[in-house]
Amino acid sequence: MEISYKFILDKRRESDNGQYPVKLRIYQNRGSKEVNLRIKIRESNWDEKTQEVLASEPDFKLYNAKISSFKSKINAAILLAEINNQTDFKIDDLIELLKPAQQTSIKVKETVFEFGQKLVAQLEKKGKIGNSIVYSCALNKLKEHCGNHY
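Since we're looking at a predicted model, the values are computed, not measured.

A. Inspection of the pattern of salt bridges at higher detail. Under the defined criterion, the tally for this structure stands at eight salt bridges. Notably, a salt bridge pairs Asp 10 with Arg 12, separated by 2.8 Å at the nearest N-O pair. The exposure class assigned to Asp 10 is buried, which follows from its relative accessible area of 2%. One salt bridge in this structure joins Glu 43 and Lys 11, with 3.2 Å as the shortest N-O distance. Of the two residues, Glu 43 sits in the loop between β3 (31–42) and β4 (46–47) while Lys 11 sits in the loop between β1 (3–9) and β2 (19–28), which places them 32 residues apart along the sequence. Since its relative accessible area comes to 40%, Glu 43 is described here as partly exposed. Each of Asp 10, Arg 12, Lys 23, Arg 25 and Glu 34 takes part in a single network of salt bridges with overlapping partners.

Structure follows, in structure tokens:
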């Protein structure tokens, strides 16, 4: 399984403004794969020994935090695979774990007032009239406060 990694400045891919992408290179069994971190910096702002962005880069804290986050995720995944004796843990498995979680769009199904009205109806159905009155009064005050903005 023996996976290792390092962060590199890909000097083969210079952009128009003299910046290079920072990439994560993962090694296993004499093979390697790269993951683009979506960070571009000038060569003079990269410390190859520490694999960090230098303070001369305006966004160095953000970039180093991102690199540190990747390091933590990689080390945790490798350690977990070792603990679970996963001998078939491959580079592709690691890359899959590093991908950002799928962003799901949240659709608003109902407003606070619609939810409140359903809650009042449920309380009335259960015979909890006192609670339903309290919630109903609270909803009315909230509507009064919000005016036509709800």
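After presenting the structure, the write-up continues.
B. Quick look at the environment of Tyr 20. Tracing the sequence through the fold places Tyr 20 in strand β2. Assessed through its relative accessible area of 10%, Tyr 20 is described here as buried. Measuring from C-alpha to C-alpha, the distance between Tyr 20 and Asp 10 comes to 5.9 Å, with 10 residues separating the pair along the chain. If near-sequence neighbours (up to four positions away) are discounted, Tyr 20 is found in contact with Leu 9, Asp 10, Lys 11, Arg 13, Glu 14, Ile 39, Lys 40, Ile 41 and Glu 43.

C. Geometry of helix α4 (residues 129–146). Look at α4: 26 Å from first C-alpha to last across 18 residues, which is about the 26 Å you get at 1.5 Å a residue. Gly 147 sits one or two residues past α4 and shows a positive phi near 65°.

D. Region of interest: the side chain of Asn 64. Looking at the element boundaries, Asn 64 is found in helix α1 (residues 60–83). A distance of 2.7 Å separates a polar atom in the side chain of Asn 64 from the backbone nitrogen of Val 53. Here Asn 64 is in contact with Glu 52 and Val 53, once residues within four sequence places are set aside.

E. Focus on the packing of aromatic side chains. As enumerated under the stated definition, the model contains one aromatic pair in all. Ring centres of Tyr 5 and Phe 7 lie 6.0 Å apart, and the angle between their planes is 85°; on these two criteria the pair is classed as edge-to-face. Residue class for Tyr 5 comes out partly exposed when judged on its relative accessible area of 23%. Phe 7 sits in the buried class, given a relative accessible area of 2%.

Thresholds, definitions, all that
Residues numbered from 1 in each chain as written. Predicted model: local features only at pLDDT ≥ 70, side-chain atom pairs only at ≥ 80, totals over all residues. Heavy atoms only, no water. Salt bridge = Lys/Arg side-chain N within 4 Å of Asp/Glu carboxyl O. Buried < 20%, exposed > 50% of the residue type's maximum accessible area, 1.4 Å probe, protein only. Helix = DSSP H or I, 4+ residues; strand = E, 2+ residues; numbered from the N terminus. Contact = heavy atoms within 4.5 Å. Expected span 1.5 Å × (residues − 1). Polar contact = N/O pair within 3.5 Å; in protein donor to acceptor, adjacent residues only side chain to side chain. Phe/Tyr/Trp six-rings, centres within 6.5 Å; stacked < 30°, edge-to-face > 60°.

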